[in-house]
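Understanding the architecture of this molecule
These are the residues of each chain, in order.
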Amino acid sequence: MMNTLLLSPDEENLLLAANALKDGQLVGIPTETVYGLGADALNENAVRAIFAAKGRPADNPLIVHVADIDAAMPLCEIDQRSRRVMEAFCPGPITLLMPKKPCVPSVVNAGLSSVAIRIPSHPVAQKLLRLSGVPVAAPSANTSGKPSPTTAQHVYDDLQGKLACIVDGGACQVGLESTVVDMTSPIPTVLRPGGVTPDMLLTVLDEIQVADSVLRPLKEGEQALSPGMRYKHYAPGGQLTLVRGDTEKVQQLISRLYNEAQAQGHSVRVFAFEEHLSAYPGMETASIGRLSEPETIARQLFAVLRQADADGVEVLFSEVLPPEGIGLAVMNRLSRAAAFRVIDANQEELP
Ligand code: TXA
Ligand code: MG
């Protein structure tokens, strides 16, 4: 085990972290979405070390991070359409799949023909990419099976001893992983929803489609469009159930199910919108953010899930939001965390 340094982002530490990257070591990097576990994308051994540290299967490809469009040009073929998307939304919470050029080693993209490219906007990520001068391959910096990390402490909790250092850039602003768009398909396709929404993409593209497995499980034998969609997603230690329907009916049903689970001796928690916390008097609740500002839900969701695990909560119920705007990304992550267990309160008989 190495001694993992937790670094504040001052000039001296940024140089140290940039040199570690140049040197083939692993570095925890803050981005506006989630923290990444970065290494020099052109150094095969360094990239292999990422897979080993995370316990990630070698056939699940990594995203390559660069500071700007110019730095992406040696790595992939950027057509007119992709360039429009990049000019509109990069730097920002979006990743584009584009045809790979030969200089990117195939261990990075699991031997596929496309490579995932992202230009993060976080100022610390930008500085590290410029100081190191190398493209940085980075998956989310969690152990496989945990939610993506949104603070430096989350990275430390999961991976200490397995990376050289973590640069602390504060809590991530977006809080959910980037939008992944396949730009190699005839109609650009959102494989993973994130901070750049389909409506935003339509401002620069004629058409866009959203992979329909975004809000449902893959069917038996169905081919995953992205290897990441195939792997078991994060699930909390406790059993999470989503409850949808009219607000009042949802609150009545959650209250009833809470009391039943508690009567059976379980520790129970309700994930509720800030505006609804008072609807659950005497119950243990966690605010997942403001329904009126869904960005706050995206920002907090992973930390709230981690906290429930840390507290050993056994049974969880959550309110849901419309899958619109950033809500699509929130519901994509929440549905998977609940293993697609959803109850419709409008159809339940209430006593
Ligand atoms: O916001 C983010 O995207 C964060 C930060 C660190 O940039 N990174 C991240 O990486 O979430 P990761 O590895 O946890 O998720 C990347 C997803 C995976 O589902 C992977 O399968 C998919 O992107 N992916 C990467 N390259 C691909 C490719 N060439 N074809 C299809 N899917 C790809
Ligand atoms: Mg991940």
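Whatever comes next refers back to the structure up there.
Residues numbered from 1 in each chain as written. Chains lettered and ligands numbered in written order. Predicted model: local features only at pLDDT ≥ 70, side-chain atom pairs only at ≥ 80, totals over all residues. Heavy atoms only, no water.

Description of the overall build of the protein chain
- Counting its regular elements, the protein chain contains 10 helices and 16 strands.
- For 351 residues, the compact-globule estimate of 2.2 N^0.38 gives 20 Å, and the protein chain sits close to it at 21 Å.
- Each principal axis of the C-alpha atoms in the protein chain carries an extent, and together these give about 65 × 50 × 35 Å.
- Split into buried and exposed, the 351 residues of the protein chain put 54% on the buried side. (Helix = DSSP H or I, 4+ residues; strand = E, 2+ residues; numbered from the N terminus. Rg over C-alpha atoms; globule rule 2.2 N^0.38 Å. Buried < 20%, exposed > 50% of the residue type's maximum accessible area, 1.4 Å probe, protein only.)

Let's talk about the side chain of Thr179
- Following the sequence through the fold, Thr179 ends up in strand β9 (residues 179-182).
- For Thr179, a relative accessible area of 0% corresponds to the buried category.
- Within the structure, the side chain of Thr179 is placed 3.4 Å from the backbone nitrogen of Gly195, a separation counted as a polar contact.
- At 2.8 Å, the side chain of Thr179 and the backbone oxygen of Val196 are in polar contact.
- Excluding residues within four positions of it along the chain, Thr179 makes contact with Pro93, Ile94, Thr95, Val190, Arg192, Pro193, Gly194, Gly195 and Val196. (Polar contact = N/O pair within 3.5 Å; in protein donor to acceptor, adjacent residues only side chain to side chain. Contact = heavy atoms within 4.5 Å.)

Observations concerning helix α9 (residues 294-310)
- End to end, α9 covers 25 Å across 17 residues, agreeing with the expected 24 Å (1.5 Å per residue, within 8%).
- Along α9, the largest kink reaches about 45° and is centred on Gln300.
- Residues Pro294, Thr296, Ile297, Ala298, Leu301, Phe302, Val304, Leu305, Arg306 and Ala308 constitute the buried set of α9.
- For α9, the elements touching its buried residues are α6 (152-159), β13 (268-272), β14 (285-287), β15 (315-319) and α10 (326-337).
- The positive-phi residue at the C-terminal boundary of α9 is Gly312, with phi of around 65°. (Expected span 1.5 Å × (residues − 1). Bend = angle between axes of the 7 residues up to and from the residue.)

Some remarks on the nonpolar core
- By size, the foremost hydrophobic cluster in this structure holds 46 residues, and its most contacted members are Leu37, Val85, Met86, Ile94, Leu96, Ile117 and Leu201.
- Sorting the residues of this core by element identifies β3 (36-40), α2 (44-54), α3 (69-72), α4 (80-89), β5 (94-99), β6 (114-118) and α6 as the ones contributing at least two each.
- Take this core: its biggest share by element is 5 residues, from α2.
- Not counting chain neighbours up to four residues away, the residues in contact with Ile94 comprise Val85, Phe89, Ile117, Arg118, Ile119, Ser178, Thr179, Val181, Val196 and Leu201.
- Residues Ile288, Ala298, Val313 and Ala338 belong to the second largest nonpolar core, which totals 26 residues. (Core = buried A, V, L, I, M, F, W, Y, C linked by side-chain atoms within 4.5 Å.)

Quick notes on the pattern of salt bridges
- Enumeration over the complete set of coordinates arrives at 13 salt bridges.
- Arg48 is paired through a salt bridge with Glu44; the nearest N and O atoms lie 3.2 Å apart. On the criterion of helical spacing, the pair formed by Arg48 and Glu44 is a turn pair, its members being 4 residues apart in helix α2.
- Under the relative-accessibility criterion, Arg48 is labelled partly exposed at 43%.
- Between Arg290 and Glu293 there is a salt bridge; the shortest N-O distance is 2.5 Å. (Salt bridge = Lys/Arg side-chain N within 4 Å of Asp/Glu carboxyl O.)

So, the environment of Leu112
- Position of Leu112 among the secondary structure elements: in the loop between β5 and β6.
- Residue Leu112 is classed as partly exposed on the basis of its relative accessible area of 40%.
- Taking the C-alpha atoms as reference points, Leu112 and His65, 47 residues apart in sequence, are found 18 Å from one another.

Side note on the sheet that holds strand β4 (residues 63-65)
- Reading across from one edge, β1-β8-β2-β3-β7-β4-β6-β5-β9-β10-β11 is the order of the 11 strands in this open sheet, with mixed pairing throughout. Lying at the two open borders of the sheet, with one neighbouring strand each, are β1 (5-7) and β11 (209-210).
- In this sheet, β6 lies alongside β4 in parallel orientation, the contact comprising 3 bridges. Considered in β6, the bridge of Ile63 is made with Ala116. (Pairing = 2+ DSSP bridges.)

Just geometry here; none of it tells us what the structure is for.
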